[in-house]
Amino acid sequence: MLRIAVIGAGHWGPNLIRNFHNHQASDVTWVVDRDESRRALTRSRYPEIRVASDADRVLADPDVDAVVIATPTTTHYALASAALRAGKHVLVEKPIATRLAEAEELCALAEAGKRVLMVGHVFLFNAAIRRVKEYLDQGKLGQIFYISMVRTNLGPIRMDVNAAWDLAAHDVAIVNYWLEAIPTHAAAHGGSWINPGIEDAAFANLWYGNGIMANLHVSWLNPRKVRDITIVGEKGMLTFDDMNLSEPLRLYDKTVTDQRSPAGFIDTFASFRTSIREGDILIPRVPTNEPLRAECEHFLECIAKGARPVSDGWSGAAAVRVLSAFDRSMAGDGQKVAV
Ligand SMILES: NC(=O)c1ccc[n+]([C@@H]2O[C@H](COP(=O)([O-])OP(=O)(O)OC[C@H]3O[C@@H](n4cnc5c(N)ncnc54)[C@H](O)[C@@H]3O)[C@@H](O)[C@H]2O)c1
């Protein structure tokens, strides 16, 4: 039975508390939050869990095996670093840190202390995202041309990081995982309308080499909750709609071939259409899992087996590398920058 302390019981923390506390292989023994009202809520829901206002006391407890951090992004590095130095395994929410050097330091600390360091890139535990990875590995879509991603909603509006760090962290982690690569270049435009200097929306491009592009639109200032991805490949296309729980994926047997008549002969609608292939649309059956539950189980398994998590510290650092490039590009009025 692994004894877990959860730091941060705001909006997201209670989901982690529920999953680890209800799991047969773990027990939440401490919850830490600076806010008395969040501690009171935890006490009333879980009277058996001890609560504290300060992490130091909990990190000093030798009976705590692992620490789960769900505090605002700007606090992740300091808390994760203190937890690793205290010899605890760490699951830290995304993004792992706000600077690449800090993210890399956390990875080095975990390796030196032989502790598991995992980042809460929860979409890597989504069954549909995993299925897409299988399709890509099998070459079902052929050479990938581009991936377009939209992640919008009205709120929650953050004060410590911009919408790219908050929202695009997910999309960057997804594409890096699918392609098993990090982009070479990035460009982003952003706009801040609510709080000066904090972008509420970002419109970004990534170049992965081999001609693959990704386009991201993220915003917390949008009337519609959209979580939408389109992958366009040489042999087929695919869409992922995370709002459609029962049928998140669609595989399109649609392609545009290059076997056209010579240019001069594509002068009728019929001859133009011959270059476009419109086949069937398949809706694969994808089991509905709770991605966060799968993420928590993976963390426990990695600790038990001494294994490296799918979303390990280095994958978190790679995401930070890209998000930092977005910031640099936005500061330079959208210019293309090396990642
Ligand atoms: N994986 C996901 O899908 C997902 C979803 C939502 C949020 N998150 C991540 O979770 C983290 C928290 O987000 P949230 O929406 O719950 O934020 P929140 O502001 O609602 O909650 C954060 C909590 O941490 C507490 N806190 C702040 N600093 C602390 C400290 N030093 N010690 C102890 N407690 C402290 C605050 O009092 C607050 O209750 C963020 O990093 C966010 O990116 C991830």
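Described in the following lines is the structure provided in the data block. (Residues numbered from 1 in each chain as written. Predicted model: local features only at pLDDT ≥ 70, side-chain atom pairs only at ≥ 80, totals over all residues.)

Here Leu136 is to be found in helix H6 (residues 127-138). Linking Leu136 and Leu179, residues 43 residues apart in sequence, is a C-alpha distance of 8.1 Å. Sequence-distant contacts of Leu136, defined by excluding residues within four places in its chain, comprise Leu141 and Trp178. (Helix = DSSP H or I, 4+ residues; strand = E, 2+ residues; numbered from the N terminus. Contact = placed C-beta atoms within 7 Å.)

Burial runs high along strand E9 (residues 201-207): five of the seven residues are buried. One ladder, built from seven bridges, connects strand E8 (residues 185-191) with E9; its direction is antiparallel. The residue bridging Gly191 from the neighbouring strand is Ala201, located in E9. Relative to strand E10 (residues 213-219), E9 is paired through seven bridges, and the arrangement is antiparallel. What sits directly across from Ala204, in E10, is Leu216. In this antiparallel pair of consecutive strands, E9 and E10, the connection spans five residues, and Gly209 shows a positive phi of 80°. (Buried ≥ 20, exposed ≤ 12 C-beta atoms within 10 Å, placed from the backbone. Pairing = 2+ DSSP bridges.)

Okay, the site of the ligand next. Around the ligand, a shell composed of 24 residues is seen, among which Gly8, Gly10, His11, Trp12 and Asp35 lie nearest. Of the residues assigned to the shell around the ligand, the class counts are nine nonpolar, eight polar and seven charged. (Near = placed C-beta within 6 Å. Nonpolar A, V, L, I, M, F, W, Y, C, P; charged D, E, K, R; others polar.)

Turning next to the nonpolar core. Judged by nonpolar contacts, the single largest core of 93 residues is most densely connected at Val6, Val68, Ala164, Ala168, Val322, Leu323 and Phe326. Ranked by residue count, the leading element in this core is helix H7 (residues 163-179), at 12 residues. Beyond its immediate sequence surroundings of up to four residues, Val322 is in contact with Val172, Ile182, Pro183, Ala186, Leu206 and Val339. (Core = buried A, V, L, I, M, F, W, Y, C linked by C-beta atoms within 7 Å.)

The strands making up a sheet are joined through hydrogen bonds of the backbone, oriented either antiparallel or parallel. With respect to topology, six strands assemble into an open sheet ordered E3-E2-E1-E4-E5-E6, the strand pairing being parallel. Looking along the sheet, the strands with just one partner apiece sit at the ends: strand E3 (50-52) and strand E6 (117-120). Looking at each pair of strands side by side, their axes are set apart by 25° on average, direction ignored. Sheet analysis places strand E2 (residues 26-32) next to E3, joined by three bridges and oriented parallel. Residue pairing for E3: Trp30 is matched across the bridge by Arg50. (Axes fitted to C-alpha atoms, helices over the stretch in contact; angles between N-to-C directions.)

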